[in-house]
Protein chains: 2
Amino acid sequence: MPQYKAPLRDMRFLLNEVFDFEGHFKSLPNGEEASPDMVDAILEGCATFCEEVLAPLNLPGDLEGCTLKDGEVTTPKGFKEAYAEYVAGGWQGLSHPKEYGGQELPMSLNLLKAEMMGTANWSFTMYPGLSLGCMNTVFQFGSTEQKATYMPPLVSGEWTGTMCLTEPQCGTDLGQVKTKAEPQPDGSFKLTGTKIFISSGEHDLAENIIHIVLARLPDAPKGTRGISLFIVPKFLVNKDGSVGERNAVRAGALEHKMGIRASATCVMNFDGATGYMIAEPNKGLEAMFTFMNTARIGTAVQGLAHAELSYQGSLPYAKERRSMRALSGKKDADHPNDALIWHADVRRMLLTQRAVAEGARAMIYEAAKLADHMVAGVATGDQAKYEAYDDKLGFYTPILKGFITEMGLECANLGMQVFGGHGYIKEHGMEQIARDARIATLYEGTTGIQALDLLGRKTLLQSRGKCIFNFTNEMIALAKPHLLDGDAVGAMARASFKRALEWKWITVKIMLRANKDRDVVSAACYDFLMYAGFAMMGHFWLKQAIVAKQKLAQGGKESKEFYTAKLQTAEFFFERLAPRANAHKKTMLSSTRSIMQMDNEHFSFV
Amino acid sequence: MPQYKAPLRDMRFLLNEVFDFEGHFKSLPNGEEASPDMVDAILEGCATFCEEVLAPLNLPGDLEGCTLKDGEVTTPKGFKEAYAEYVAGGWQGLSHPKEYGGQELPMSLNLLKAEMMGTANWSFTMYPGLSLGCMNTVFQFGSTEQKATYMPPLVSGEWTGTMCLTEPQCGTDLGQVKTKAEPQPDGSFKLTGTKIFISSGEHDLAENIIHIVLARLPDAPKGTRGISLFIVPKFLVNKDGSVGERNAVRAGALEHKMGIRASATCVMNFDGATGYMIAEPNKGLEAMFTFMNTARIGTAVQGLAHAELSYQGSLPYAKERRSMRALSGKKDADHPNDALIWHADVRRMLLTQRAVAEGARAMIYEAAKLADHMVAGVATGDQAKYEAYDDKLGFYTPILKGFITEMGLECANLGMQVFGGHGYIKEHGMEQIARDARIATLYEGTTGIQALDLLGRKTLLQSRGKCIFNFTNEMIALAKPHLLDGDAVGAMARASFKRALEWKWITVKIMLRANKDRDVVSAACYDFLMYAGFAMMGHFWLKQAIVAKQKLAQGGKESKEFYTAKLQTAEFFFERLAPRANAHKKTMLSSTRSIMQMDNEHFSFV
């Protein structure tokens, strides 16, 4: 069973050595308090909470799952106490305004917290995690009164929140939402309808649950332009802020899922439930999409989390478990066979997990910096700044969410594979990682939706390729000074440089083709996304390798082993993982015919 | 939920049009009775049994699982009745000698049966499936008396069998087996030890269970050369063949697994259990490996089964479920959105499943023909023939087992992906396929073990590349007449031709490198295996495409649509899947340094 330890050395390498978060925090209006000491205290405190409280609940939580009885959901044993400790520690309001009781630290620290919590116990992390979307919505679009009512208990964590979007007939296609909201004389609304897949829709961790619900007014236009947003509390709130009458929103069922079994995924029935409009009528979907980027990056973290956890699970096993002799000869002479880690094919699997986890971490931390600036734009009322950073983040989002969750699933499967048949057995905890990881490529927009967003929306429609050209210029700028280096970094720089040029060229080629054939976008998008992921991960591996090389050149024994291994992992990435981009290039540039020509009725003859 | 329908049209295409099984059967000593009518009757009868009896038990069987109480295992509701029907239908002895009550039909028909049964319900199929290894062992190595005692009830299916190899400390590395066998004055042995992961080790379907057990004699040499093979029946058998006294072998626990939950995977405790030696002392492992090829091809079928079933599940969903508009414009004008199947990225996922299932089926049927000849060699006492075909099958085996099960898992995941979030919910049955498929890359030798077998054993040690050169010559011979064709088949032929030449060249290159650096084999083997899989599947897609083209050229309306779709699927394979071999080529040819250089202690710094 994986024994989670927060990878603080690697996190600090990125924070302090690669990305200069200290300088970054100083540039933020709310960064003053994020001193190195404060950041360290948060990292250490969160790590202890995750390792000692959350991680031990992960496997038992999966085995027990949630239960629904008479409309009440019971979470697995220990979750309630752990959540109380989370609230008591003030963890929920880490990045939320002081006005509502938060600590108002940069959003990126919240993402580091989510990384550690999510790796230790993804199911648990979803309960406070879903509150974020709710809080963001109330904070950005709520009236003064709504904010005063709902923000303080959400920020403290005493209440949690949900996002109620999906209905049985639509998930991605939210223009088809049917839930009705009928205006009442007192200005409130009565909501009627069914929402499905509502994470944390009902549970026993908090005294109230605040649902953010997409619904239609009676006179609403059809489609996406007729959707409004409502606050629907589980318990209505009294004037003094205390919890009042039970509202007519109830969990009708719990979904039986492949994984994240300790996270309560509910069918929520709204039977004339009292709700309050938030944001403007018929502009609910726009409001909802405001925080899509951050929500999706929160899901990208799941890919990182499961790559990291599967690595932490399979590495000790590979060191302990013995089987056969290494091909290059006896390694453990005092045993009849060698540890798995001596076998090259096992090393390949381990290093894949490591390269993905550490590459993904760097990608996510870069996005976290952008999110900090975006939030600063909101906080200081600087709309242009907000939009500029939201756009930039919007480019990273589908790549991070789509690519990292796909790779996280692959790594979770490799973690099982290192265990051989034992990986398939529940008690080792490795198969749980694969089941938990499986949801990440489905929710918050499937990989296909991320891919369409990247190629169709961000690249073609919104920027005519500019987002790719900008990023590939960054790749080139990083690689250029190292092109002639005679060492491994030089080889990596040349690979990244070539990849950047190739990516520009591919983008232009696809843009030209898409002008003539619209199906090109949907036919090529998945490969374009995966290509982008390998290219971007390569860039962030090069960034890490350059720093590691500099640190080694500076001499000193401190962390020499760490930097050496960092360089070796970077080399592994470029030699053994990056070439996959070549296959994606080839397939995305093949004609749409092989995908589109088959008659729908000829897909099967059974 | 997938509603399994046996893909008889595709099976018949391969049997009759691509591979000429009618002629093949005529060339076999036991092929006489396998007339086209007989084969048809078997296909139809088996299809009905699978569709009507086995398929409906698949999802409920997963939900219920098996239970162990007081040493007795209860299988899910309906399994007992279904198994009784299977026995009554005479299905178990399809390919076993008439002498013992079987029908003595070619082994390939048994594989077709296994394909249909396994697709309908893999867990169920494992109960009779495990008997095969047991029967093969008794038949090949048993004394006349042993055969007379055990074969008839095994062939009828009234009894089932197991293979007890794995122990807690070893799976792959069977030289480490510790179970002891002490000789008794009466010529029998007392076996003591623990075996794990024993499929069908205990259950309520049959009146007796015959375990084939690897164990060590007291004076046995260490390692693989000191292992003997024993028959250990659950109930000792009386002289008249009736079931007698309970033997001291019991299920100590049931494993809690990710999937195949209706298959009882047992920890078996042998507490001085009575056993009878089979085959020569200390040559148990060799005997065991005799049927390794057929057992592994039986597992390759699982990859085919899960690709097929996930396709059968996701295709109707893609036709019914609607979301958004297709990028190339409105398709279903009377709806606000289009069916999923209109979206190119969804078609990509569907066609991947189809191309893998139909490509894998062709690969497996080719291997089935080889198995028929191998069995004919055994039956006619023609050792040279047996060895020649076993060698040939031995080349196919790791590719089929390794590559097809990896692709089956990928397809099972794509099937879930087509369903979006609904794919994650148990009631739809798609996540079960992914969980069930996950074991296939682990048992019967992990993918890594198959890869080592292919590159290290079959290619380098045993044949100095000859197995690859022979197969690539077949690829060239098939492609050559079509190199100048101006249509899609021409493009496929050129691609397959180039691949064959490239594969030869890669093999030579790796052979030369491996002479200097033994780690090359383990570092390259996974990519070599996957490369081999794509190359071989391409060959069998070309074979199918050539036939489809000929049939279309012959005119006639019959099956025009079928052949057209076949050609289109072949084209999809070459354009969208085959290029992945390029990435495998690149990584396998990169140096071993990036895999081997990291110090074992520097894999982690947490």
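Here the residue numbering is sequential within each chain, running from 1 through the sequence in written order. Working convention: letters from A go to chains and numbers from 1 go to ligands, in the order in which they are written. Whole-chain, interface and lining totals are the exception, using all residues; otherwise, since this is a predicted model, local features are given only for residues with pLDDT of at least 70 and side-chain atom pairs are given and counted only at 80 or more. Side-chain measures were taken over the full set of non-hydrogen atoms in the model, leaving aside hydrogen atoms and water.

J.: When you look at the packing of aromatic side chains in this model, what are you seeing that I'm missing?
T.: Both the distance between ring centres and the angle between the ring planes are used here to describe each pair of aromatic rings. Ring geometry is summarised as follows: Phe, Tyr and Trp rings, the Trp one being its six-membered ring, pair when their centres sit within 6.5 Å, and such pairs are stacked at plane angles under 30 degrees, edge-to-face over 60 and tilted between the two. Enumeration according to the criterion identifies 52 aromatic pairs over all chains in this entry. Ring geometry for Tyr 317 of chain A and Phe 419 of chain A: centres 3.9 Å apart, planes at 15 degrees, overall stacked. Of this pair, Tyr 317 of chain A sits in helix 10 (residues 292-320) while Phe 419 of chain A sits in the loop between helix 12 (383-418) and helix 13 (430-438), and the two are 102 residues apart along the sequence. Phe 419 of chain A matches Tyr 317 of chain A in its accessibility class, with the two residues each being buried. When the ring of Phe 562 of chain B is compared with that of Tyr 563 of chain B, the centres are 5.6 Å apart and the planes differ by 80 degrees; the resulting orientation is edge-to-face. Exposure class is identical for Phe 562 of chain B and Tyr 563 of chain B. Each is buried. The cationic tip of Lys 147 of chain B hangs over the ring face of Phe 139 of chain B; the distance from NZ or CZ to the ring centre is 5.4 Å. Note on conventions: DSSP H or I runs of at least 4 residues are helices, E runs of at least 2 residues are strands, and numbering of each starts at the N terminus. A 1.4 Å probe rolled over the protein chains alone gives each residue an accessible area, and that area as a share of the maximum for its type sets the label: buried under 20%, exposed over 50%, partly exposed in between. Only when the NZ atom of a Lys or the CZ atom of an Arg is both within 6 Å of the ring centre and within 35 degrees of the ring normal do we say a charge sits over the ring.

J.: What's the story with the domain arrangement of chain A in this structure? I'm lost.
T.: Residues and elements named next belong to chain A. Domain start and end points were adopted from an automatic or database domain assignment. The domain architecture assigned to chain A consists of domain 1 (8-289), domain 2 (291-445) and domain 3 (455-594). For domain 2 versus domain 3, the separation of C-alpha centres amounts to 18 Å. Should any heavy atoms of two residues lie within 4.5 Å, those residues are counted as being in contact. Taken residue by residue, the interface counts 25 residues in domain 2 and 23 residues in domain 3. Two parts placed together each lose some accessible area under a 1.4 Å probe, and the buried area is that loss summed for both. Summing both partners gives a buried area of about 2,100 Å² for domain 2 against domain 3, and 75% of it is carried by carbon and sulfur. For this document, the term salt bridge refers to a Lys or Arg side-chain nitrogen within 4 Å of an Asp or Glu carboxyl oxygen. For the pair domain 2 and domain 3, the number of links is 3 salt bridges. Any pair of nitrogen or oxygen atoms within 3.5 Å is treated as a polar contact; in protein, a donor-acceptor pairing is required on top of that, and neighbouring residues in sequence qualify only through side-chain atoms on both sides. Summed over the shared surface of domain 2 and domain 3, the result is 6 residue pairs in polar contact (both at pLDDT 80 or more). Looking at the side of domain 2 that touches domain 3, the elements with two or more residues in it are helix 11 (344-379) and helix 12. Tallied by class, residues from the side of domain 2 that touches domain 3 come to 13 nonpolar, 5 polar and 7 charged. As a working rule, the residues Ala, Val, Leu, Ile, Met, Phe, Trp, Tyr, Cys and Pro are called nonpolar, Asp, Glu, Lys and Arg charged, and the rest polar, with Gly in that last group.

J.: Just checking my understanding: could you explain unusual backbone geometry for this structure?
T.: Where the residue is not glycine, phi is negative for most of them; where a peptide bond is considered, it is trans in most cases. In this model, Met 324 of chain A sits at a positive phi of 55 degrees, which is unusual for a non-glycine residue. As for its placement among the helices and strands, Met 324 of chain A is situated in the loop between helix 10 and helix 11. According to the relative accessible area criterion, Met 324 of chain A is partly exposed, its value standing at 38%. Positive phi, normally seen in glycine, also occurs at Asp 20 of chain B, with a value near 50 degrees. If you trace the backbone, Asp 20 of chain B turns up in the loop between helix 1 (8-18) and helix 2 (21-26).

J.: Please explain the nonpolar core as it appears in this structure.
T.: Generally speaking, soluble globular proteins have nonpolar side chains that are buried together. By size, the foremost hydrophobic cluster in this structure holds 395 residues, and its most contacted members are Trp 503 of chain A together with Trp 503 of chain B. Excluding its chain neighbours within four sequence positions, the residues that come into contact with Trp 503 of chain B are Phe 395, Ile 399, Ile 468, Phe 471, Thr 472, Met 475, Phe 528, Tyr 531, Ala 532 and Ala 535 of chain B. The term nonpolar core refers to a set of buried residues drawn from Ala, Val, Leu, Ile, Met, Phe, Trp, Tyr and Cys, joined through side-chain atoms within 4.5 Å. Core analysis: the next-biggest nonpolar cluster, separate from the first, contains 24 residues, Met 163, Leu 174, Leu 214 and Ile 231 of chain A among them.

J.: Looking at this structure, I do not really get the pattern of salt bridges. What am I missing?
T.: Pairs may arise between side chains of opposite charge once their charged atoms sit close together. Overall, the coordinates contain 64 salt bridges over all chains when judged by the stated rule. Lys 234 of chain A is the partner of Glu 202 of chain A in a salt bridge, and the nearest nitrogen-oxygen pair spans 2.7 Å. Here Glu 202 of chain A is found in the loop between strand 5 (189-199) and strand 6 (208-215), whereas its partner Lys 234 of chain A is found in the loop between strand 7 (228-233) and strand 8 (235-237), with 32 residues between them in sequence. There is no split in this pair, since Glu 202 of chain A and Lys 234 of chain A are both buried. Residue Arg 361 of chain B is joined to Glu 115 of chain B by a salt bridge in which the shortest nitrogen-to-oxygen separation is 2.8 Å. In this pair, Arg 361 of chain B sits in helix 11 (residues 344-379) while Glu 115 of chain B sits in helix 6 (residues 107-120), placing the two residues 246 residues apart along the sequence.

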